[in-house]
Amino acid sequence: MRKIALKILDPRMNDFLPAYATKGSAGLDLRACIDNPITLRPGVTELVPTGLSIHIADPAYAAIILPRSGLGHKHGIVLGNLVGLIDSDYQGPLMVSAWNRGSEAFVLQPMERLAQLVVVPVQQVEFDIVDEFNDSERGTGGFGSTGRR
Ligand SMILES: O=c1ccn([C@H]2C[C@H](O)[C@@H](COP(=O)(O)OP(=O)(O)OP(=O)(O)O)O2)c(=O)[nH]1
Ligand SMILES: [Mg+2]
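Residues numbered from 1 in each chain as written. Chains lettered and ligands numbered in written order. Predicted model: local features only at pLDDT ≥ 70, side-chain atom pairs only at ≥ 80, totals over all residues. Heavy atoms only, no water.

By the naming in an unreviewed UniProt entry, the chain is Deoxyuridine 5'-triphosphate nucleotidohydrolase, taken from Pollutimonas harenae. In UniProt, the chain has this text filed under Function (unreviewed entry): "This enzyme is involved in nucleotide metabolism: it produces dUMP, the immediate precursor of thymidine nucleotides and it decreases the intracellular concentration of dUTP so that uracil cannot be incorporated into DNA." Under the Pathway (unreviewed entry) heading, UniProt states for the chain: "Pyrimidine metabolism; dUMP biosynthesis; dUMP from dCTP (dUTP route): step 2/2." (UniProt positions renumbered as here; feature names shortened; annotations may be inferred.)

In structure tokens:
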């Protein structure tokens, strides 16, 4: 497995190091490293610290922060930025933008698992400026051009 540098910013996180829940898990759960419960009223977005920072270092990787499906589906707790992107050179605290898109208040408890981190490969590119593209099967068709069925 690939190693990534991890800083523990809050000593409570020593007992909650991010780990894959099962052998096949893609996501590492991120916890709300807060001192007191936070009430997320409907429509509200709060930036929540995770008590951790990572330095991926290799530009061929990034990490994304995704909602947990249970919180999102049952309680409306998703991400204010929809998806968080962690650059390989980012060294600051990992933060989760928690958005209550639901219609009921949600009380976020200290150290509760709030979101998940997925490390993904990234291909950086450079551009080759052209006047015309080579033909492709799709061409410029998009936004439903292939129909619905
Ligand atoms: O949910 C998130 C999203 C981003 N970040 C951190 C890591 C990322 O590398 C950095 C910048 O994120 P992004 O590039 O998405 O934000 P920006 O608004 O473009 O800010 P910047 O000008 O700092 O790039 O913020 C988080 O901690 N949590
Ligand atoms: Mg940016």
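(A) Seen up close, the pattern of salt bridges. Taken as a whole, this structure holds five salt bridges when the rule is applied. Among the ionic pairs, arginine 12 bridges to aspartate 35, the shortest N-O distance being 3.1 Å. Taken as a pair, arginine 12 in the loop between strand S1 (5-8) and strand S2 (28-31) and aspartate 35 in the loop between S2 and strand S3 (38-40) lie far apart in primary sequence, 23 residues in all. Judged by relative accessible area, aspartate 35 falls into the exposed class, the value being 61%. Of the charged contacts in the structure, one is a salt bridge between arginine 68 and aspartate 29, with a shortest N-O distance of 3.9 Å. You can see arginine 68 sitting in the loop between strand S6 (61-67) and helix H1 (69-75) and its partner aspartate 29 sitting in strand S2, a full 39 residues away along the chain. (Salt bridge = Lys/Arg side-chain N within 4 Å of Asp/Glu carboxyl O. Helix = DSSP H or I, 4+ residues; strand = E, 2+ residues; numbered from the N terminus. Buried < 20%, exposed > 50% of the residue type's maximum accessible area, 1.4 Å probe, protein only.)

(B) Geometry of the nonpolar core. Residues Ile65, Leu108, Leu114 and Leu117 are the most contacted members of the largest nonpolar core, which totals 28 residues. When residues of this core are traced back to their parent elements, those giving at least two are S2, S3, strand S5 (52-55), S6, strand S7 (77-79), strand S9 (95-100), strand S10 (106-108) and strand S11 (113-121). Element by element, the count of residues in this core is highest for S11, at three residues. Once you skip the residues sitting within four places of it in the chain, isoleucine 65 turns out to touch Leu30, Leu79, Val83, Gly84, Ile86, Met95, Val96, Ala115, Gln116 and Leu117. (Core = buried A, V, L, I, M, F, W, Y, C linked by side-chain atoms within 4.5 Å. Contact = heavy atoms within 4.5 Å.)

(C) Summary view of the confidence of the model for the chain. Of all residues in the chain, 100% attain a pLDDT of 70 or more, and the chain-wide mean is 97. Listed scores for the predicted complex are pTM 0.95 and ipTM 0.97. (pLDDT = per-residue confidence, 0-100.)

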